[in-house]
Structures are given as C-alpha cells and as structure tokens.
Amino acid sequence: MSRKYFGTDGVRGRVGDAPITPDFVMRLGYAAGVTLVAREKLPPGERPAVLIGKDTRISGYLLEAALEAGFSAAGVDVMLAGPMPTPAVAYLTRALRLQAGVVISASHNPYYDNGIKFFSARGTKLPDAVEREIEAHLEEPMGCATSDRLGKARRIEDAAGRYIEFCKSTFPNELDLRGLKIALDCAHGAAYHIAPKVFHELGAEVVPVGVSPDGLNINEGVGATQPEHLRAAVLASKAALGIALDGDGDRLVMVDADGEIYDGDKLIYVIAAAMKSAGRLDGVVGTLMSNLGFEHAIGRLGVPFARAKVGDRYVLELMHENGWRVGGENSGHIICLDHHTTGDGIVSALQVLAALRGRNISLRQACEDLQFYPQRLINVSMHAGFNWRADERITAAQQAAEATLGDRGRVLLRPSGTEPLLRVMVEGVDAGEVEHHASALAEAVRAAVGAGVD
C-alpha cells in the first residue's frame, strides 16, 4: 500500500499549503504519538518521549508548536532541542533512550518549504510500515488525553554540546587538524552553531561561511547545493580545503585548494579506499545516480558494489541487507555505519579528513584512481500526477538515447521524492553525446508536460 503523505524523506511541502499547515502538523504529531503509545511497552505510569529538532527556517517556530501540541494531546512528552542538524536528532534520540526523534526541516529546499521527518528509537528512519500506521491514524478524528495524562515539554539546554562531542569522537584520537585552514559553509542552516566548533576544537583554522541565519536565507546561494560559493571562499581565503553542508546538515560536498569540487561519489571513494587499507571494507552501496566511473573504481578496490533506489533511506536498507558499512549518494548523503546510524555531513567530512591526514595526501591525490564518465542531470518541472511513463514523446527520446549509447552509457528518468520535478540523467563516454541526449530528453518532457498529457 502506498503512502499518502510520506515521501522518501518524510512529509514535505510549501508552508501554508497542504500538508504543511498548522492544523495538519498538529494532527500529524497526535497520530505519531498515538502510534508510539500503541507500539511502546513502557512500565505503568511512564509516558513515551520524543525529541524535536529543527533547522533555521522561520516556519520552524510555527510547526514546532503545532507538533508539540499534537504529541502532548496523545500523552507523549516532548524534548525540544532547537536548531539542530538532522543527524544530531538521530544521535540524541538514541543517546537519550527516547522513543522517537522528529526533525522539522526541508533539507536543501528554499526557506518557504518545510517538512517533518521521523527517526526511530535506534536513530534510523522509520520503516514504511510505521509511516503507513501513522497515516492510518491521520484518517481518524483527533482526540485528546485526559489532563492527568497529557504530555509535558522541556528544552534540552546541552543538546549542541552533546552532539559536538559525539562528532569529535568519530575522528581518530591519534590525528588532529592543526595547521589546516578550512572554509566551512553551513548554508545558514542547522549546523551554523555546531560545525565550526567541531573543526576548530580538532585544531583547524576555520573560515566560517553561511553562519548567519535569519529565517529566510537558508540554502540561499550557499551550502552543498551551491558549491560555487564555497569554491570562491576557498580561493579567496587560500584555504587548504572547503566543506559545504546543506540546510539540515546531512549532505556534504568538498572543495580542494585549487577550487575543484568533490561530490558524494568522490568522497565515498576516499572513505572506502581508507577502509579497504584498514581491512574494514566489505562492499559499497551507491544509487541509480552514482557515476559508472565510481562503480568501476570500487570494483578495482576488490569489493562488490550495489545500487539502491535514490534516497538515503533506500541506501541504508541495502547496506543493512548486505551487511556493508559505507554507502551514499552523489548528492552528498554519505552513511558511515561504523560511526552513525544515518547520513551525517560533519561526521562524513571527518572521515574524509582522517583518510587524508592518515596518509598525508590531498583530496586530488586521494582521487587519482577515479575516472568519471560525463554525466548530465536536468530537472524538469511537472505537475503532480503527471504520467510521464505513458507519453510517447518521452519514450521515443529515451529509446533513441539508449540505442545510441549502447553499453557505453545509460539513461535514467525518475521523479523527485521531495519536489514536483522529473530528473533526467544521461551518462556516457562522450560529453557531447551525453549533452545532446539529455537536452533532447528534457525537451521531450517539457513538451509533454506543456501539452498536459497524463
């Protein structure tokens, strides 16, 4: 059974439009709370408790209050962490032995979007079955516990400090970052008050970028989705490296001293190669978007590679299924199960830095064995419910591209799980050929969408 409200990364949309409205979010909190009460077997008199964190969007205040009211009505206690990266909420939920964690964030989206995503008591994304259970309760009338059973709320004052120490603990004790100048772009997001302290306390000289959130500027021209801004900061400050996170701190992109940008595929390779040298690499999980050159490089390390559907939850599921410890997406979601239960931009950056410092090499040197195929990704807007698979123009353009590329490339069309977009990706040996087919496919999609075919 498909889910009505939950996408690949929780419930997300434009604030003020369904489902991101105060009344719905309150009902969502209540439905999640009722689900927790029913699933958790706690001692008599004890209430379930959840942690709520958020990014720096102005709408976070509104949605936080609505969620708190919904959980309280269901008899669930609430702990408020304030602005915290998504992976920090996952960690704290587990560390504090709570029943669930909730993040109010739309990740890399603009400030006018927001969303709600949940973590289990183990610090992992909720299984689809639990999300469907929450949705079933959403279809029922909202109730309210009796006054003596209402949930209470309190703020956790040391949440940031706890998470900073956790991040530092994932970096080898015998290494430090002294003498390293790092430009650090926090996207005016949830990590603005955390990431600079992590790298500074490990010895780095930090050039802070994107650390002045005003509620409206999250991800605006900065962060992991706009790495050119970090590139300029690295070159201007003559930093040795640049690190860019996204609005909720779970994506990572890096830049070297020469201004070259390193995406998730390259950074996963650096981490995987170091793990292989240490005898800790069993296999690597990528996604349908991972570059063929990345797959071939992992093969040369002598370990298997597998592709999951796009979305960090699917990467994690396949990692658990195979018993592997590293995986991620080229967008910068990187999961290192030796250190955390979910993707974490800060922790992933520390693993890359540990690999470089351990061998005293640069990012460029660490990626010498990588030879990527040219890849072109074009996002095409489409309306909800558009049946792109049934359009003959799109099918014909896709078949033409696949016939020309043969085994020298591949074509991928997939709808975004978080935005009304169809992602058109073409990859191959020849850059001109890749650009031609990607543009032709994108035009075919635009024509089909414009014609209103569904």
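Our structure is the block above this text.
Let me sum up the structure you'll find in this document. Residues take numbers from 1 onward in each chain, read along the sequence in its written order. Selection of residues for local features in this predicted model requires a pLDDT of at least 70, selection of side-chain atom pairs for listing and counting requires 80 or more, and totals for whole chains, interfaces and linings are taken over all residues. Only hydrogens and water are removed before side-chain values are computed, so all heavy atoms of the structure are retained for them.

Focus on the state of the cysteines
The criterion for a disulfide is a pair of cysteine sulfur atoms lying within 2.5 Å. Tallied over the entire structure, the rule returns zero disulfides. For cysteine 167, which is in no disulfide, the shortest distance to another cysteine sulfur is to cysteine 186 and amounts to 12 Å. For cysteine 167, a relative accessible area of 0% translates into the label buried. For every residue, the accessible area (1.4 Å probe, protein chains only) is compared with the maximum for its type, and the residue is labelled buried under 20%, exposed over 50%, or partly exposed between those bounds.

Some thoughts on the packing of helix α8 (residues 264-277) against helix α11 (residues 345-359)
All axes are obtained by fitting lines to C-alpha atoms, using only the stretch in contact for helices, and the reported angles, taken between N-to-C directions, cover 0 to 180 degrees. Here a strand is any run of E in DSSP of at least two residues, a helix any run of H or I of at least four, and the numbering for each starts at the N terminus. Across the interface, α8 lies against α11 with an axial gap of 9 Å and an inter-helix angle of 55°. Taken together, the axis directions place α8 and α11 in an arrangement best described as oblique. Considering only the axes of α8 and α11, their crossing is left-handed. Residue-level contacts link Leu267, Val270, Ile271 and Ala274 of α8 to Ser348, Gln351, Val352, Ala355 and Leu356 of α11. Here the residues of the contact of α8 with α11 sort into seven nonpolar, two polar and no charged. Orientation categories follow fixed angle ranges, with anything under 35 degrees roughly parallel, anything over 145 roughly antiparallel, 65 to 115 roughly perpendicular, and all other angles oblique. Left-handed is the label given to a crossing in which the near helix is rotated counterclockwise from the far helix by less than a right angle, and right-handed is the label when the rotation is clockwise. In this description, contact between two residues means that some pair of their heavy atoms is separated by no more than 4.5 Å. Asp, Glu, Lys and Arg are counted as charged, while Ala, Val, Leu, Ile, Met, Phe, Trp, Tyr, Cys and Pro are counted as nonpolar; the rest, among them Gly, fall into the polar class.

Re the sheet that holds strand β15 (residues 334-336)
Strand order in the open sheet made by the four strands is β13-β12-β14-β15, with mixed pairing throughout. The open sheet is flanked by β13 (305-308) and β15, the only strands paired with a single partner. Strand-to-strand, the axes of this sheet are offset by a mean angle of 20°, without reference to chain direction. Strand pairing is assigned whenever DSSP identifies at least 2 bridges connecting the two strands.

Looking at the pairing of strand β17 (residues 409-415)
In terms of burial, β17 is largely enclosed, as six of its seven residues are buried. Here β17 pairs with strand β18 (residues 421-428) via seven bridges, running antiparallel. Across the sheet, residue leucine 413 finds its bridge partner in β18, namely valine 424.

Topic: the sheet that holds strand β1 (residues 11-14)
Strand pairing in a sheet is mediated by backbone hydrogen bonds. Such pairs are either parallel or antiparallel. If you walk across this open sheet you meet the six strands as β1-β5-β4-β2-β3-β6, and the pairing is mixed. The open sheet has two edge strands with one neighbour each: β1 and β6 (153-155). Direction aside, the axes of adjacent strands within the sheet are offset by 20° on average. Note that β1 and strand β5 (residues 113-120) share four bridges and pair antiparallel. Bridging from a neighbouring strand, valine 11 pairs with isoleucine 116 of β5.

Describing the pairing of strand β3 (residues 77-83)
Looking along a regular strand, one sees side chains alternate from face to face of the sheet. Across the seven residues of β3, six count as buried, placing the element largely inside the fold. Handedness of a crossover is defined as follows: orient the strands so they point away from the viewer, and if the path from the first strand over the helix to the second runs clockwise, the crossover is right-handed. Between strand β2 (residues 49-54) and its parallel partner β3, the chain crosses via helix α2 (residues 59-73), and the hand of that crossover is right-handed. Inspection of the sheet shows β3 paired to β6 by three bridges, in the parallel sense. If you follow leucine 80 over to β6, its bridge partner there is arginine 155.

A closer look at the pattern of salt bridges
Pairs can form between side chains of opposite charge whenever their charged atoms are close. What makes a salt bridge here is a side-chain nitrogen of Lys or Arg within 4 Å of a carboxyl oxygen of Asp or Glu, nothing more. Scanning the model with the defined rule gives 30 salt bridges in all. With its nearest N and O atoms 3.6 Å apart, the salt bridge here joins glutamate 260 to lysine 266. The class of lysine 266 is buried, set by a relative accessible area of 17%. In this structure, aspartate 338 engages arginine 325 in a salt bridge whose closest nitrogen and oxygen atoms are separated by 3.8 Å.

With respect to the packing of aromatic side chains
Stacked, edge-to-face and tilted are the three classes for Phe, Tyr and Trp ring pairs, Trp counted by its six-membered ring, which pair at centre distances within 6.5 Å; planes under 30 degrees apart are stacked, over 60 edge-to-face, the rest tilted. Counted by the stated rule, this structure contains six aromatic pairs. Ring centres of tyrosine 111 and tyrosine 112 lie 5.5 Å apart, and the angle between their planes is 70°; on these two criteria the pair is classed as edge-to-face. Residue classification places tyrosine 111 among the partly exposed residues on the basis of a relative accessible area of 34%. One aromatic cluster in this structure is built from Tyr91, Tyr163 and Phe166.

Examining the environment of valine 34
Topologically, valine 34 is positioned in helix α1 (residues 22-39). For valine 34, a relative accessible area of 22% puts it in the partly exposed group. Residues valine 34 and glycine 203, spaced 169 residues apart in sequence, show a C-alpha to C-alpha distance of 46 Å. In contact with valine 34, other than residues within four places in its own chain, are Ala74 and His137.

So, the packing of α1 against helix α4 (residues 128-138)
At a minimum axis distance of 8 Å, the contact between α1 and α4 shows a crossing angle of 120°. One finds that α1 runs oblique with respect to α4. Both α1 and α4 take part in a crossing whose hand is right-handed. Across the interface between the two elements, Phe24, Arg27, Leu28, Ala31, Ala32, Val34, Thr35 and Arg39 of α1 pack against Val130, Glu133, Ile134, His137 and Leu138 of α4. When grouped by side-chain class, the residues that make up the contact of α1 with α4 number eight nonpolar, two polar and three charged.

A closer look at the side chain of lysine 117
By the secondary structure assignment, lysine 117 is in strand β5. The buried category is assigned to lysine 117, whose relative accessible area is 2%. Side chain to side chain, lysine 117 and aspartate 9 meet in a polar contact 3.1 Å long. The contacts of lysine 117, once residues within four sequence positions are left out, are Asp9, Gly10, Arg12, Thr86, Gly101, Val102, Val103, Ser107, Asp248 and Asp250. N or O atoms within 3.5 Å of each other form a polar contact, as long as, within protein, one can give a hydrogen and the other can take it, and as long as residues adjacent in sequence are counted only when both atoms are side-chain atoms.

Topic: the nonpolar core
One finds Phe199, Ile243, Ile346 and Leu353 to be the most contacted residues of the largest nonpolar core, which totals 71 residues. In contact with isoleucine 243, other than residues within four places in its own chain, are Ile182, Ala183, Leu184, Asp185, Phe199, Leu230, Leu252, Val253, Met254, Ala349 and Leu353. Core analysis: the second largest hydrophobic core is formed by 30 residues, Ala31, Ala66, Ala100 and Leu126 among them. Only buried Ala, Val, Leu, Ile, Met, Phe, Trp, Tyr and Cys residues count toward a nonpolar core, and they belong to the same one when joined by side-chain atoms within 4.5 Å.

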